[in-house]
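Reading the structure
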Amino acid sequence: MGRDTEVLVIGGGSTGCGVARDLARRGLAVTLVERGNLTHGTTGRMHGLLHSGGRYAVADRTSARECIAENRILREIAGHCVEETGGLFVDRGDAGGYFEEKLAGCRDAGIPTTVLSGREAREREPALAADVERAIAVPDAAIDPFRLCVANARDATAHGARIETWTEVVDVLREGEEVIGVEVRHESGPGSRVHGRSGSLERITAEYVVNATGPWAGQLAAMADLEVGVRPSKGAMAITNVREVDTVVNACRPKGDADILVPHETTAILGTTDVEVDDPDDYPEEGWEIDLLIEELSKLVPALADARIIRSFWGVRPLYEPPGRGTEDPTDVTRQFFLLDHADRDGVDGMATIVGGKLTTYRLMAERIADHVCAELGVDTSASTAEEPLPGSEEPAALEAEMDRFGLRSPVARRSRQRLGSRSREVLDVDDPNPVVCECEAVTRAELRDAIEDAGSDLNAVRIRTRASMGNCQGGFCARGMAAELHPRYDEPTVRAALDELLEERWRGQRHALWGMGLSQAALNYALGAATMNRDGDPAAADGSIEFDDFDAGQRRPDGGGRQ
Ligand SMILES: Cc1cc2nc3c(=O)[nH]c(=O)nc-3n(C[C@H](O)[C@H](O)[C@H](O)COP(=O)(O)OP(=O)(O)OC[C@H]3O[C@@H](n4cnc5c(N)ncnc54)[C@H](O)[C@@H]3O)c2cc1C
């Protein structure tokens, strides 16, 4: 082939990972580069809803049809990433004719629906407000974006793909009217396995380049002197410490902020807002958005008014609309995806951009662009991604029987199995003791070690693979234990840097929810870090006047004896 790789995919979100998997399975040589971790962009900052399409059934029927088709496929191929929660569009008496419009739209898009009375809706989801008068039940579900991306990347690698995280494209290489590759800079993220190459530049030539950089697609295209008019739109979300609902709850109204609550593992996620921003890297994270989420959603689920919020976060939608449409309100911009063939569109060969869409439609987006790349390269193949289960989702029926073998008691066993799917045996069948390291999320040492094997020393990459540090304590108790698992494979500076990055990332989401129990937890985490690791830089600790032994052995008896 004469170039370093056949296809170079830029972006390690759901789209890029899906493209790498699809093309690698078709036998092409694929390299994926991502400037941070996998899921570093929007994919790691989304709501966790596997759309039934119900949300788009009235205003965006094409998206609705794509969503229900992919919803069915993902339940089959990604069972260990999906939780069958079901969803409700609830009417508190203010939906009017929109309720019937929603119903008709769902039916037209092929989305199965059941109309429920208020009482029936509350039987399904007891947390619903007493004034809910009726509801439409749809097959919404919850999906774990981290597990999904990692599983795609894992399958791509198993089929020969090279996946490079902490590798940023800094230039797109052109020869005349053809893109021939990219220049990348290897960063020194804690998970980067290229410490020796930190900051180094590399040219990677490719037969074809796929721009799957989501909201950054415009910036990336500009490196090739091309224009892609992405319309980034930020959305805020907040996470409760317990699972306030077991069903996805949507307000049945035309559009607006703060209208959906999604159960996610041990938590529930409130969302969202829709505010157009200029720069996907630089936007305000505003407290009013979190207040609004709690105020509006507690009308549907009253318990939210007193719920403990453990963190809040923001993501940026990679919305796109073809030139000329000029939709004013970002909530009206279509959620469809677009394949921009730069040869057709701009007269520049060798590169295409895939932008827009949803996480729910990532597989379809990947299939479309993989078909396009294969046509360009003259490769006659077709996708297998709709039929072939992702790693972890094979043999779902065999899972139950396996769990007793590992000496894990429920609910730890249940949680491990949910996360690992059919990889449970491979990961948990260890000879050494296997204690729980993260108690909030029930993550054992074996699971952490498996993630470290896959992700290197980047504890945020370990976090997205296992959920360790994502529960109530937000790393206050378990972050140290996670860091300890890196030793002795990694040296002390690497372990410290990894712990710092993990704690910083945890703090980023906590700092907007500092009231009530969330504030107490943050204060406790601070005190724990200060007292046990001198993270507050207390000079008294540095000069030796703090007795660290006391923390390890308990308070000493006056006679110098052991633990009291
Ligand atoms: C608030 C919010 C809630 C959402 N909720 C849902 C939901 O519940 N269900 C659903 O289906 N969809 C949801 N979405 C939409 C969904 O998250 C996105 O459509 C999807 O994750 C986009 O994936 P992507 O791979 O295209 O982009 P991204 O995930 O952003 O991936 C692009 C990647 O490219 C990388 N990158 C950028 N520049 C470079 C460079 N120069 N070099 C190397 N790498 C680079 C970035 O770091 C990033 O990781 C939501 C979106 C938002 C914002």
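Residues numbered from 1 in each chain as written. Predicted model: local features only at pLDDT ≥ 70, side-chain atom pairs only at ≥ 80, totals over all residues. Heavy atoms only, no water.

Focus: the overall build of the protein chain
- The secondary structure content of the protein chain amounts to 19 helices and 22 strands.
- In summary, the protein chain has a C-alpha radius of gyration of 24 Å against a globular reference of 24 Å for 564 residues, a match within 12%.
- The dimensions of the protein chain, computed from C-alpha atoms along their principal axes, are 85 × 65 × 50 Å.
- Here the protein chain, with 564 residues, has 57% of them falling under the buried criterion.
- In the protein chain, 69% of the contacts between residues at least 6 apart in sequence involve partners at least 24 apart.
- Within the structure as shown, the protein chain displays about 22900 Å² of accessible surface, and the carbon and sulfur contribution to it stands at 47%.
- Positive and negative side-chain charges of the protein chain, numbering 64 and 98 respectively, have mean locations separated by a distance of 4 Å. (Helix = DSSP H or I, 4+ residues; strand = E, 2+ residues; numbered from the N terminus. Rg over C-alpha atoms; globule rule 2.2 N^0.38 Å. Buried < 20%, exposed > 50% of the residue type's maximum accessible area, 1.4 Å probe, protein only. Contact = heavy atoms within 4.5 Å. Areas by Shrake-Rupley, 256 points an atom, 1.4 Å probe, with all protein chains shown as cover. Lys, Arg positive; Asp, Glu negative; His and termini not counted. Charge placed at Lys NZ, Arg CZ, Asp CG, Glu CD.)

A closer look at the side chain of glutamate 66
- Residue placement: glutamate 66 occurs in helix H2 (residues 61–77).
- The side chain of glutamate 66 sits in the buried core without any salt bridge; arginine 368 is the nearest counter-charge, 4.8 Å away.
- Excluding its chain neighbours within four sequence positions, the residues that come into contact with glutamate 66 are Phe337, Thr361 and Leu364. (Salt bridge = Lys/Arg side-chain N within 4 Å of Asp/Glu carboxyl O.)

Remarks on the nonpolar core
- Grouped together as the largest cluster of nonpolar side chains are 32 residues, with contacts concentrated most on Val90, Leu128, Val249, Leu261 and Val301.
- Ranked by residues supplied to this core, first place goes to helix H7 (residues 287–300) with 5 residues.
- Excluding anything up to four places from it in sequence, valine 301 contacts Ala127, Leu128, Val245, Val249 and Leu261. (Core = buried A, V, L, I, M, F, W, Y, C linked by side-chain atoms within 4.5 Å.)

Re unusual backbone geometry
- A cis amide bond links glycine 271 with the next residue in sequence, threonine 272, at an omega value of -15°.
- Tracing the backbone shows threonine 272 in the loop between strand E16 (267–271) and strand E17 (275–276).
- Here histidine 487 and proline 488 are connected by a cis peptide whose omega angle stands at 10°.
- Position of proline 488 relative to the elements: it lies in the loop between helix H15 (479–484) and helix H16 (492–510).
- In this structure, alanine 258 takes a positive phi of about 50° despite not being glycine.

Here we look at helix H9 (residues 362–377)
- End to end, H9 covers 22 Å across 16 residues, agreeing with the expected 22 Å (1.5 Å per residue, within 8%).
- For H9, the full list of buried residues reads Tyr362, Arg363, Leu364, Met365, Ala366, Ile369, Ala370, His372, Val373 and Cys374.
- Downstream of H9 by a residue or two, glycine 378 has a phi angle that is positive, lying close to 70°. (Expected span 1.5 Å × (residues − 1).)

As for the domain arrangement of the protein chain
- Domain parsing of the protein chain yields domain 1 (5–42 + 146–230 + 335–377), domain 2 (83–142 + 233–315) and domain 3 (430–541).
- The distance between the C-alpha centroids of domain 1 and domain 2 comes to 33 Å.
- Contacts between the two partners involve 6 residues from domain 1 and, on the opposite side, 5 residues from domain 2.
- Of the roughly 440 Å² buried between domain 1 and domain 2 on both sides combined, carbon and sulfur atoms contribute 35%.
- There are 3 salt bridges connecting domain 1 and domain 2.
- Close ionic contact of arginine 35 with aspartate 281 constitutes a salt bridge, the shortest N to O distance being 3.3 Å.
- Where domain 1 meets domain 2, there are 4 residue pairs in polar contact (both at pLDDT 80 or more).
- Classifying every residue of the side of domain 1 that touches domain 2 by side-chain character gives 2 nonpolar, 1 polar and 3 charged. (Domains from an automatic or database assignment. Buried area = accessible area lost by both parts, 1.4 Å probe. Polar contact = N/O pair within 3.5 Å; in protein donor to acceptor, adjacent residues only side chain to side chain. Nonpolar A, V, L, I, M, F, W, Y, C, P; charged D, E, K, R; others polar.)

Side note on a nonpolar patch on the surface
- A grouping of Trp507, Leu514 and Leu519 is seen on the molecular surface, where their side chains present a nonpolar patch of about 270 Å² in accessible area.
- Here tryptophan 507 shows up in helix H16.
- A residue is classified by how much of its surface remains accessible, and tryptophan 507, at 42% relative accessible area, is partly exposed. (Patch = residues over 30% accessible without salt bridge, like charges linked within 9 Å, V, L, I, M, F, W, Y side chains within 5 Å.)

With respect to the pattern of salt bridges
- This structure, assessed with the given rule, holds 56 salt bridges.
- Across the pair arginine 21 and aspartate 155 runs a salt bridge, and its minimum N-O distance is 2.7 Å. Highlighted residues: arginine 21 in helix H1 (residues 14–25) and aspartate 155 in helix H5 (residues 145–158), separated in sequence by 134 residues.
- Taking the relative accessible area as the measure of exposure, aspartate 155 reaches 6% and is therefore buried.
- One salt bridge in this structure joins arginine 415 and glutamate 441, with 3.2 Å as the shortest N-O distance. Taken together, the positions of arginine 415 in helix H11 (residues 412–420) and glutamate 441 in the loop between strand E21 (436–438) and strand E22 (443–444) put the pair 26 residues apart, joining distant regions of the chain.
- Each of Asp144, Arg147, Glu265, Arg415, Glu441 and Arg467 takes part in one network of salt bridges that share partners.

Focus on the environment of leucine 514
- Within the secondary structure, leucine 514 is located in the loop between H16 and helix H17 (516–533).
- Residue class for leucine 514 comes out partly exposed when judged on its relative accessible area of 32%.
- In the structure, leucine 514 is positioned 181 residues away from valine 333 in sequence and 34 Å away in space, judged by C-alpha atoms.
- Aside from chain neighbours lying at most four places away, what touches leucine 514 is Trp507, Leu519 and Ala522.

Focus: the packing of H1 against H5
- Interhelical geometry of H1 versus H5 gives an angle of 25° and a closest axis separation of 8 Å. In terms of orientation, H1 and H5 fall into the roughly parallel class. Once H1 is placed against H5, the crossing between them reads as left-handed. Taking contact as the criterion, the partners of Ser14, Cys17, Gly18, Ala20, Arg21, Ala24 and Arg25 in H1 are, on H5, Cys149, Asn152, Ala153, Asp155 and Ala156.
- A per-class count over the contact of H1 with H5 returns 6 nonpolar, 3 polar and 3 charged. (Axes fitted to C-alpha atoms, helices over the stretch in contact; angles between N-to-C directions. Parallel < 35°, antiparallel > 145°, perpendicular 65-115°, else oblique. Left-handed = near helix turned anticlockwise from the far one by under 90°.)

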